[in-house]
Amino acid sequence: MSVHAVTREQAVRRATYASVVGTTIEWYDFFLYGTAAALVFPHLFFPGGDNFAGIIAAFGTQFVGFVARPVGAAIFGHYGDRIGRKTTLMVTLFLMAFGTVLIGVLPTYQVIGVWAPILLTVLRIIQGIGVGGEWGGSVLIAMEWGHKERRGLSASWPQMGVPLGLVLSTGLVRLTSGVTGADFSAWGWRVPFLLSIILVGVGLFVRLRVVESPEFEEVRIQDKVVRVPLLEAIRRQPKEILLTALVRTSEQAPFYLFITFVITYTTKQLKFNSDAILVDTLIAAALGLISIPVFGRLSDRFGRKLIYGIGVVLTALYAFPYFGLMNTGNALFIGIAVVVSLIFHDIQYGPQAALIAESFDADIRYTGAGLGYQLASVIAGGPAPLIAAALLAGTGSSVPISIYIIICAAVSMAALLLLPSRRTAGAAAPAARSHKSMRHA
């Protein structure tokens, strides 16, 4: 669709809807695996050995998906910076759904033996590549269409795909487990994976109506499209790539402890009901639909670094109280622990997209922002459940895990202080001016 066929207001709305719907589907697929890895994958795909061995093996394949995310960011960042955000986002959506649906029909270890975990790992890699290329494009299509004084809010909309995806995946697992009962481990777990095919149809329809980002159009008009965006991003802004990865440590690592490892901890260590913890996670994720855009907007007013830094400090301070509440074994206190943990996460996640995207020039922004964001998956998010499970297995205590969370916060604060403060106008201003008269074109 031509950029001149719709008004600017329509284009902004379509970009926002498409970014939210797309990231919701992508994160639904990604989180679904994490929940299944905690509940059923250990004995379906990694039988034998002690209980924690199967859990660590299941989280290991989850980690593989995180390792694949920077690869996806590099691949799709290349095309996103060369041919545009819109086309690239169509491919990432399809790729993610492809991996998820095939997991839903994958035979278990009891049927095909060692090929089951091997194929599961391959499909997890496909998921990781898809979600790795998704984030940068979704954030940019929303932020670059948004008003330059409200970029924190604009970029926070696609971030809502995380709580929405978590609500959908956790809710469907909870519903399916309730309906199928004892058969959930046998076949019921497959249903949420197969339903992804319906969601992707909705996502593709919405994204077909998106108008290309005005800032990318400006780069293309000025003939500033970079030949090899990955090499150019590494050459021109290596510091920003590294620091934006490290700044996510306090958000990324604790988050996967709060939504994935918590299921293992409460069910295996505390003998708590898995359905109850899924409901707690569902409530906490739903609150993110409010808190994420609120903190994104606050970053427009008070600054990205200030709001983000507050979230980092609160996460560190919460490390011991979090497990203190968990260890009571009381359902109410466990629910409070889960809800508060994700609020502190959202303080960082709301302004995070704009903080990272604004750190890069428009012609390499898809690649640079995507790499910085997704590298955190390898150094923080992916290893977190593995590290926590190993610490728990080795010590039988939550204390080392709390110390691990505090270390993550310290790394993030150091990176945040070193990250150059920058609001990228670049092509934004002329691009915005060129589209103000869109309705009259």
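Residues numbered from 1 in each chain as written. Predicted model: local features only at pLDDT ≥ 70, side-chain atom pairs only at ≥ 80, totals over all residues. Heavy atoms only, no water.

Time to look at the environment of D361. Its location among the elements puts D361 in the loop between α17 (331–357) and α18 (365–381). Of note is the side chain of D361, whose polar atom sits 2.9 Å from the side chain of R236. (Helix = DSSP H or I, 4+ residues; strand = E, 2+ residues; numbered from the N terminus. Polar contact = N/O pair within 3.5 Å; in protein donor to acceptor, adjacent residues only side chain to side chain.)

Orientation of helix α7 (residues 151–159) relative to α17, taken along the N-to-C sense of each, is 110 degrees, at an axis distance of 7 Å. Judged by the angle between their axes, α7 and α17 are roughly perpendicular. Crossing hand, α7 versus α17: right-handed. For the pair α7 and α17, contact is made by R151, G152, A155, S156 and Q159 and by Y349, G350, Q352, A353 and A354, respectively. Residue composition of the contact of α7 with α17, grouped by class: four nonpolar, five polar and one charged. (Axes fitted to C-alpha atoms, helices over the stretch in contact; angles between N-to-C directions. Parallel < 35°, antiparallel > 145°, perpendicular 65-115°, else oblique. Left-handed = near helix turned anticlockwise from the far one by under 90°. Contact = heavy atoms within 4.5 Å. Nonpolar A, V, L, I, M, F, W, Y, C, P; charged D, E, K, R; others polar.)

Here the focus is α7. Of all nine residues making up α7, eight are buried, and the element is well covered by its neighbours. What α7 keeps buried is the set R151, G152, L153, S154, A155, S156, P158 and Q159. (Buried < 20%, exposed > 50% of the residue type's maximum accessible area, 1.4 Å probe, protein only.)

This paragraph deals with a nonpolar patch on the surface. The grouping of Y109, V114, W115, I118, L119 and V122 at the surface amounts to a nonpolar patch, some 550 Å² of accessible area in total. As for its placement among the helices and strands, Y109 is situated in helix α5 (residues 109–112). Residue classification places Y109 among the partly exposed residues on the basis of a relative accessible area of 36%. (Patch = residues over 30% accessible without salt bridge, like charges linked within 9 Å, V, L, I, M, F, W, Y side chains within 5 Å. Areas by Shrake-Rupley, 256 points an atom, 1.4 Å probe, with all protein chains shown as cover. Salt bridge = Lys/Arg side-chain N within 4 Å of Asp/Glu carboxyl O.)

Another point: the confidence of the model for the protein. Averaged over all residues, the pLDDT of the protein equals 85, while 92% of them reach at least 70. Of all secondary-structure elements in the protein, the lowest mean pLDDT belongs to helix α21 (residues 428–436), at 37, while helix α20 (residues 399–418) reaches the highest, 97. The model gives residues 424–441 a pLDDT under 50, and that stretch makes 27 contacts with residues more than four places away or in other chains. (pLDDT = per-residue confidence, 0-100.)

So, about empty space enclosed by the protein. A complete count under the given rule lists four cavities of 30 Å³ or more for this structure. For the largest cavity, the calculated volume is near 60 Å³. Lining of the largest cavity is provided by V162, P163, L166, F255, A284, A285, G288, I292, L342, H345 and D346. Listed by contribution, the elements that provide at least two residues to the lining of the largest cavity are α8 (161–180), α15 (274–302) and α17. At four residues, the largest contribution of residues to the lining of the largest cavity is made by α15. For the lining of the largest cavity, a count of residues per class yields eight nonpolar, two polar and one charged. (1 Å grid on protein atoms, 1.4 Å probe; cavity = no way out; pocket = protein on both sides within 12 Å on 5 of 7 lines; lining within 4 Å. Points joined across faces, edges and corners; volume = space filled by probe spheres on them.)

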